[in-house]
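# Summary of the model geometry
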Amino acid sequence: MIYFNNVSKIYKDAVALDDVTFSITAGEFVSIVGHSGAGKTTLTKMIVADENPTNGTVFFESINVHKLKNKDLTKLRRRIGVVFQDFKLLSNKTAYENIAFAMEAVGKSDLEIASDVPHVLELVDLSHRLDHFPNQLSGGEQQRLAIARAIINQPELIIADEPTGNLDSINTYEIVQILKKINDLGTTVILATHNRGVIDLIGERVITMENGKVIRDTKNNQ
Amino acid sequence: MTELKRITKAGFTNFTRSGLVSFAAVLQVVNTLAVIVTIILLQAVLYSSLNVIKDKVDVTIYFNVGASEARIALLKDSLLKLPEVANVSYTSASEALKLFRDRHQNDYPTIAALDEIGDNPLGAVLNVKTKEVSQYESIANFLKSDNALVLGSSDIVNHSNYYNNKLVIDRLNTIISGAQKFGFLLTLYFIISSIFITFNTIRLTIFISKEEIGVMRLVGASKMRVRGPFMVEGAIYGIISTIVTLLLFWPATAWFGRNMTGFLGLNLYNYYISNFFQIFAIILLSGIILGVISSFFAIRKYLNK
């Protein structure tokens, strides 16, 4: 499903990715682990073409994502849900509207929006918060809302970049369980984290990065 | 259609929820529109003053005593056919005498001398007004040219006062065209600087949302879906600012109309009311175009990803 082929990203005076090659098949739950600055975020941004590689190619199925025109890139992004460490919710929209916006973006009807949004909010246990703005929600609630937004259009891939970075252990556990549930339902999940505990909780494939290189790619129990 | 409805609704929602930011943007657009209305009113005052001055300038053609009215009428007709001429008025010899007597009714020696002569010593007069002050010279030249003064009119013309007044006319012409050029440059400067300030204010309001714009793009929103609500917001700034500006100018022009009409030579309130729909259309269009175009360009750099 995802294929990184000798991908490098070099900023002015720093190497963010150094000749990275790996592939991910559909339905996998892959954790990318490494210290801050190891290149995890750059790598996840490459998949949605939020960053361009200096060298190499990134494929989503048979699509070279960095060769896409703006319109086609928009279509690709609709097939991917993204969750960020800092949530990146739309601050002047309510919880309901944040999710409705993602549905409107893909052209869903008002009827579908009215029926699906309450359902997904219930799934992440935010039914009672649908009229609240992001700044009226706790960190854990904001992250659950971000996940709800990421999954609402039933994407083929979820990318979660340090989704538990700002959360306490209880909220971290909840988020990991939600991501596992999403993966169980058939969605591919890529999780970038520096938290070993989270990886142990998941117990799936782990790609370890250091100084922009992939230094290990293994099942957690191997 | 659904997309348009959603974009419009999002624009309105963003406007109401942005509170202070929207207020600041509206205030800035009001400033710009107020500058435009002020300039419209100042131009009206300037042109009305210039017209009063222009109206005071004319060229008078004095005819010989006894010149036939038919030939004078012929010259009048040929003058009226000139595109530069706005108006030609004829004063007969007897009317000229009557006016002379009226003007000098308290000047006994002059009236006595006139009575002594017996006959009317004054000739008929044509008073010529041109559309522009600069055109008097061409009228003077026309009077000198043989082919223009058909049927030998040159022998009935005594003289014209153009060359006596030439210096004053030339100076007035310089002042009027200078005032018009200066007014135009001043207008251009104020309008351009106001547009730049407004553009930057709107750019700042969009800069605040730049991260959210990136997020919208990442969740798969099309460029139009992201840009549209900002443009609607821009249009709302324009509409509200138009209403506020026109309301502010209502009492302001009324005050000027009551207290400054003598000084300005124009009742600004009457001018404002009688041209209200034209001013409204100019301001509304300027406001909306300013808001929408500023938003369109301000958001462009954040949409590229």
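Residues numbered from 1 in each chain as written. Chains lettered and ligands numbered in written order. Predicted model: local features only at pLDDT ≥ 70, side-chain atom pairs only at ≥ 80, totals over all residues.

### Focus: the overall build of chain B
Of regular secondary structure, chain B possesses twelve helices and four strands. Expressed as a percentage of the 305 residues in chain B, the buried residues total 29%. Contacts in chain B between residues at least 24 apart in sequence constitute 86% of all its contacts with a sequence separation of at least 6. (Helix = DSSP H or I, 4+ residues; strand = E, 2+ residues; numbered from the N terminus. Buried ≥ 20, exposed ≤ 12 C-beta atoms within 10 Å, placed from the backbone. Contact = placed C-beta atoms within 7 Å.)

### Focus on the overall build of chain A
Per the secondary structure count, chain A includes seven helices and ten strands. A burial count over chain A gives 45% of its 222 residues as buried. Partitioning the intrachain contacts of chain A with sequence separation of at least 6 by distance along the chain shows that 67% fall at a separation of at least 24.

### A closer look at the nonpolar core
In this structure, Ile32, Ile147, Ala148, Ile158 and Ile159 of chain A are the most contacted members of the largest nonpolar core, which totals 106 residues. Ignoring anything within four residues of it in the chain, the contact list for Ile32 of chain A reads Lys40, Leu43, Ile190, Leu191, Ala192, Ile207 and Met209 of chain A. Listed in part, the 19 residues of the second largest apolar core include Val59, Phe63, Val128 and Ile169 of chain B. (Core = buried A, V, L, I, M, F, W, Y, C linked by C-beta atoms within 7 Å.)

### Here we look at the interface of chain B and chain A
Contacts between chain B and chain A engage 13 residues on the former and 15 residues on the latter. When contributions to the side of chain B that touches chain A are tallied by element, the ones reaching two or more residues are helix 1 (2-17) and helix 8 (210-218) of chain B. Here the residues of the side of chain B that touches chain A are counted per class, giving four nonpolar, four polar and five charged. (Nonpolar A, V, L, I, M, F, W, Y, C, P; charged D, E, K, R; others polar.)

### A word on the sheet that holds strand 2 (residues 15-24) of chain A
Residue and element names in this part refer to chain A. Ordered by their spatial adjacency, four strands build an open sheet running 2-1-4-5, and the pairing between neighbours is antiparallel. Only two strands of the sheet have a single neighbouring strand rather than two, namely strand 2 and strand 5 (63-64). Contacts between helix 1 (residues 40-47) and the sheet are confined to strand 1 (2-10), strand 2 and strand 4 (55-60), with strand 2 contributing the most and set at about 55 degrees to the helix. (Pairing = 2+ DSSP bridges. Axes fitted to C-alpha atoms, helices over the stretch in contact; angles between N-to-C directions.)

### Description of the pairing of strand 1 (residues 59-63) of chain B
Residue and element names in this part refer to chain B. Of the two faces of strand 1, only one is covered, namely that formed by Val59, Ile61 and Phe63; the face formed by Thr60 and Tyr62 stays uncovered. Looking at chain direction, strand 1 and strand 3 (residues 125-130) are connected through four bridges and run antiparallel. When the bridges of strand 3 are listed, Tyr62 appears paired with Val125. Here strand 1 runs beside strand 4 (residues 157-160); their pairing, made up of three bridges, is antiparallel. Residue pairing in the sheet places Tyr62 in a bridge with His159 of strand 4.

### Digging into the pairing of strand 2 of chain A
Within a regular strand, the side chains alternate between the two sheet faces. All names here are of chain A. Pairing of strand 1 with strand 2 involves six bridges; the strand directions are antiparallel. Note that in strand 2 the partner of Ile2 across the bridge is Ile24. Hairpin connection of strand 1 to strand 2: four residues between the antiparallel strands.

### Examining the sheet that holds strand 4 of chain B
Residues and elements named next belong to chain B. Strand order across the open sheet formed by four strands is 2-3-1-4, with antiparallel pairing between neighbours. In the strand order of this sheet, the two ends are held by strand 2 (85-91) and strand 4, each with one partner. Neighbour-to-neighbour, the strand axes of this sheet turn through a mean angle of 20 degrees, independent of strand direction. In this structure, strand 2 lies alongside strand 3, joined through six bridges in antiparallel fashion.

### Remarks on the environment of Val176 of chain A
Positionally, Val176 of chain A belongs in helix 6 (residues 169-184). Those residues in contact with Val176 of chain A that lie beyond four places of it in its chain are Thr164, Val198, Leu201 and Ile202 of chain A.

### Examining the packing of helix 5 (residues 139-151) of chain A against helix 6 of chain A
All names here are of chain A. Helix 6 packs onto helix 5 with a crossing angle of 10 degrees between their chain directions and a minimal axis gap of 10 Å. For the element pair helix 5 / helix 6, the angle class is roughly parallel. Judged by residue contacts, Gly139, Gly140, Gln143, Arg144, Ile147 and Ile151 of helix 5 engage Asn171, Glu174, Ile175, Ile178 and Ile182 from helix 6. Tallied by class, the residues present in the contact of helix 5 with helix 6 amount to five nonpolar, four polar and two charged. (Parallel < 35°, antiparallel > 145°, perpendicular 65-115°, else oblique.)

### Side note on helix 2 (residues 20-56) of chain B
Residues and elements named next belong to chain B. For helix 2, built from 37 residues, the straight-helix expectation of 54 Å at 1.5 Å per residue is met to within 8% by its first-to-last C-alpha distance of 54 Å. Of all the residues in helix 2, the buried ones are Ala25, Val26, Gln28, Val29, Val30, Thr32, Leu33, Ile36, Val37 and Leu41. Of the surrounding secondary structure, the elements contacted by the buried residues of helix 2 are helix 7 (162-208), helix 9 (223-259), helix 11 (268-274) and helix 12 (276-300). (Expected span 1.5 Å × (residues − 1).)

### Things to note about the packing of helix 3 (residues 95-105) of chain A against helix 5 of chain A
Residue and element names in this part refer to chain A. Put simply, helix 3 and helix 5 touch, their axes get as near as 8 Å, and they point 25 degrees apart. In terms of their interaxial angle, helix 3 and helix 5 are classed as roughly parallel. As helix 3 packs across helix 5, the resulting crossing turns out to be right-handed. Along the contact surface, helix 3 presents Ala95, Asn98, Ile99 and Ala102, while helix 5 presents Leu145, Ala148 and Arg149. (Left-handed = near helix turned anticlockwise from the far one by under 90°.)

### A word on the confidence of the model for chain B
Residues and elements named next belong to chain B. For chain B, the mean per-residue pLDDT works out to 84, and 96% of the residues sit at or above 70. At the low end of the mean pLDDT range in chain B sits helix 6 (residues 136-144), at 76; at the high end sits helix 11, at 93. The complex model carries a pTM of 0.70, and its ipTM stands at 0.73. (pLDDT = per-residue confidence, 0-100.)

### Focus: unusual backbone geometry
Residue and element names in this part refer to chain A. A positive phi is found at Ala49, a non-glycine position, where the angle reads about 55 degrees. Looking at Ala49, the number of C-beta atoms within 10 Å reads 21, which means it is buried. For Asn211, which is not glycine, the phi dihedral falls at a positive 50 degrees. Position of Asn211 relative to the elements: it lies in the loop between strand 9 (205-210) and strand 10 (213-219). Judged by local crowding, Asn211 falls into the partly exposed class, with 15 C-beta atoms found within 10 Å.

### Considerations on the confidence of the model for chain A
A residue-level look at chain A finds 98% of positions with pLDDT of 70 or above and a mean pLDDT of 89. No element of chain A has a lower mean pLDDT than helix 7 (residues 196-202) of chain A, which averages 84, and none a higher one than strand 4 of chain A, which averages 94.

### Considering the environment of Ser94 of chain B
In this fold, Ser94 of chain B is placed in helix 4 (residues 93-103). In this structure the C-alpha to C-alpha distance between Ser94 of chain B and Asn120 of chain B, which are 26 residues apart in sequence, comes to 7.4 Å.

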